[in-house]
Amino acid sequence: MAMIGSLTAHQRWILMAVKGGASSLSFVGSSFIVLCYLLFKELRKFSFKLVFYLALSDMLCSFFSIVGDPSKGFFCYAQGYSTHFFCVASFLWTTTIAFTLHRTVVKHKTDVEDLEAMFHLYVWGTSLFLTVIRSIGNDHRHLGGWCLTQTGRTRKAVQFITFYAPLWGAILYNGYTYIQVIRMLNNATRMAVGMSDRAYQSDERADKKSMNRWGYYPLILIGSWAFGTINGIHDFIEPGHKIFWLSVLDVGTAALMGLFNSIAYGLNSSVRRAIYERLDQ
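Residues numbered from 1 in each chain as written. Predicted model: local features only at pLDDT ≥ 70, side-chain atom pairs only at ≥ 80, totals over all residues. Heavy atoms only, no water.

1. As for the overall build of the chain
Scanning the chain from terminus to terminus reveals 10 helices and two strands. In sequence order, the chain lays out its α and β elements as α-α-α-α-β-β-α-α-α-α-α-α. Across the 281 residues of the chain, 46% fall into the buried class. Residue pairs at least 24 apart in sequence account for 77% of intrachain contacts in the chain once pairs closer than 6 positions are excluded. Summed over its atoms, the accessible surface of the chain is roughly 14300 Å², and 66% of this surface lies on carbon and sulfur atoms. (Helix = DSSP H or I, 4+ residues; strand = E, 2+ residues; numbered from the N terminus. Buried < 20%, exposed > 50% of the residue type's maximum accessible area, 1.4 Å probe, protein only. Contact = heavy atoms within 4.5 Å. Areas by Shrake-Rupley, 256 points an atom, 1.4 Å probe, with all protein chains shown as cover.)

2. Quick notes on the UniProt feature "transmembrane region" (unreviewed entry) in the chain
Cross-referencing UniProt, the feature "transmembrane region" (unreviewed entry) maps to residues 13-38, 50-68, 80-101, 121-137, 157-176, 214-237 and 243-267 in the present numbering. Taken end to end, residues 80-101 is 100% helix and 0% strand, and its first and last C-alpha atoms sit 33 Å apart. Counted over residues 243-267, helix gives 88% and strand 0%. Its end C-alpha atoms are 36 Å apart. (UniProt positions renumbered as here; feature names shortened; annotations may be inferred.)

3. A look at the side chain of Ser247
Assignment of secondary structure puts Ser247 in helix 8 (residues 244-255). For Ser247, a relative accessible area of 1% puts it in the buried group. In terms of polar contacts, Ser247 uses its side chain to reach the side chain of Asn231, at 3.4 Å. (Polar contact = N/O pair within 3.5 Å; in protein donor to acceptor, adjacent residues only side chain to side chain.)

4. Considering the nonpolar core
One finds Phe91, Phe163, Leu167, Trp225 and Tyr265 to be the most contacted residues of the largest nonpolar core, which totals 50 residues. Counting residues per element, the ones that place at least two in this core are helix 1 (9-39), helix 2 (46-67), helix 3 (73-105), helix 4 (116-135), helix 5 (153-193), helix 7 (217-237), helix 9 (257-266) and helix 10 (269-280). Counting residues per element, this core draws most heavily on helix 3, which supplies 12 residues. Dropping the residues within four chain positions of it, Trp225 is found in contact with Phe163, Tyr164, Leu167, Trp168, Ala254 and Met257. (Core = buried A, V, L, I, M, F, W, Y, C linked by side-chain atoms within 4.5 Å.)

5. Brief notes about the state of the cysteines
Applying the stated rule across the entire model yields one disulfide. What pairs with Cys61 in a disulfide is Cys87, and their sulfur atoms sit 2.0 Å apart. Of this pair, Cys61 sits in helix 2 while Cys87 sits in helix 3, and the two are 26 residues apart along the sequence. Exposure remark for Cys61: the relative accessible area of 6% places this residue in the buried category. (Disulfide = S-S within 2.5 Å.)

6. So, the packing of aromatic side chains
In total, this model carries 16 aromatic pairs according to the counting rule given. Each ring, one from Phe64 and one from Phe86, has its centre 6.0 Å from the other, and the planes form 5°; the classification is stacked. Remark: Phe86 occurs in helix 3 and Phe64 occurs in helix 2; sequence separation between them is 22 residues. Judged by centre distance (5.2 Å) and plane angle (85°), the rings of Phe163 and Tyr164 are edge-to-face. You can call Tyr164 buried: its relative accessible area is 9%. Joined through ring pairs, the aromatic side chains of Phe27, Tyr37, Phe48, Phe52, Tyr53, Phe63, Phe64, Phe85, Phe86, Trp93 and Trp124 make up one cluster. (Phe/Tyr/Trp six-rings, centres within 6.5 Å; stacked < 30°, edge-to-face > 60°.)

7. Re the environment of Thr83
Looking at the element boundaries, Thr83 is found in helix 3. A relative accessible area of 11% means that Thr83 is categorised as buried. Between the C-alpha atoms of Thr83 and Ser65, which are 18 residues apart in sequence, the distance is 6.3 Å. If sequence neighbours within four positions are ignored, Thr83 has contacts with Cys61, Phe64 and Ser65.

8. As for a nonpolar patch on the surface
Taken together, the side chains of Phe32, Ile263 and Leu267 make up a nonpolar region of the molecular surface, amounting to roughly 240 Å² of accessible area. As for its position among the elements, Leu267 is in the loop between helix 9 and helix 10. (Patch = residues over 30% accessible without salt bridge, like charges linked within 9 Å, V, L, I, M, F, W, Y side chains within 5 Å. Salt bridge = Lys/Arg side-chain N within 4 Å of Asp/Glu carboxyl O.)

9. Here's the deal with the packing of helix 2 against helix 4
Look at helix 2 against helix 4: their axes get within 12 Å of each other, and the N-to-C directions meet at 20°. With respect to their mutual orientation, helix 2 and helix 4 come out roughly parallel. With respect to the hand of their crossing, helix 2 and helix 4 are arranged in right-handed fashion. Here Phe46, Lys49, Leu50, Tyr53 and Ser57 of helix 2 lie close against helix 4, whose contacting residues are Glu116, Phe119, His120 and Trp124. Among the residues forming the contact of helix 2 with helix 4, the class breakdown is five nonpolar, two polar and two charged. (Axes fitted to C-alpha atoms, helices over the stretch in contact; angles between N-to-C directions. Parallel < 35°, antiparallel > 145°, perpendicular 65-115°, else oblique. Left-handed = near helix turned anticlockwise from the far one by under 90°. Nonpolar A, V, L, I, M, F, W, Y, C, P; charged D, E, K, R; others polar.)

10. Observations regarding the pattern of salt bridges
Tallying each qualifying case throughout the model produces three salt bridges. Measuring nitrogen to oxygen at the nearest pair gives 3.2 Å for the salt bridge that ties Arg278 to Glu42. Of this pair, Arg278 sits in helix 10 while Glu42 sits in the loop between helix 1 and helix 2, and the two are 236 residues apart along the sequence. Given a relative accessible area of 33%, Arg278 falls into the partly exposed group. Owing to a relative accessible area of 34%, Glu42 belongs among the partly exposed residues under this scheme. Put simply, Asp111 and Arg103 hold a salt bridge, and the shortest N to O gap is 2.9 Å. In this structure Arg103 comes out as buried when scored by relative accessible area, which is 16%.

As structure tokens, then:
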């Protein structure tokens, strides 16, 4: 958010409106997934439990983004750091989902449920560590409804280290993992072609279709944060020259991450089946 300092009041108001609207959509979408997990007992399997933690992180990230800056020092710190903490936790939970899928499909391991405590330590511990590092020597300032950090190349470098570096690390890891999973399923499908059991081949095609759809999941993080990364790099190189339309894309796509995650990860066949059953009842 530090790139909006030299924009006009009207432009800042537009950015606030875009951020608020997109964050509201993400809050509704992620809250829906959280509600489904709490209401439908049949969804409380380990795989969807990870989706629940992802949606919970998105919901809280969106909530603190909507709250904005109440113009008080303590609340300014709380809003800024809480948003950073839960947004980092959000993309870290996607890596646990990718890891679980890879360990189950590629390595044929069945011990992923035993790793839940390690997942929590990894996600919440890393998010807290990065948030604390970001707070060292930092000072939040008020600008309209925004809670901003001090500008300067050092502060911007810290922002890249504590957010964008782990973010793109998660993107690369997720992409590499899903490629391996899809490659594994493609090999299994080719083996099924030579078998006479058509039912088996049909099941393999269904699994392949599902996994190919999961291959798009890394694109969610790329689509959500590509403009933010570009805008941050531009602001680091030319801090005195702000590009308004790039800032709009930055704020809008980043705030929609929760909505994208809730659609891709949450609205799967199990959730739809549970909803249809309740409606029939």
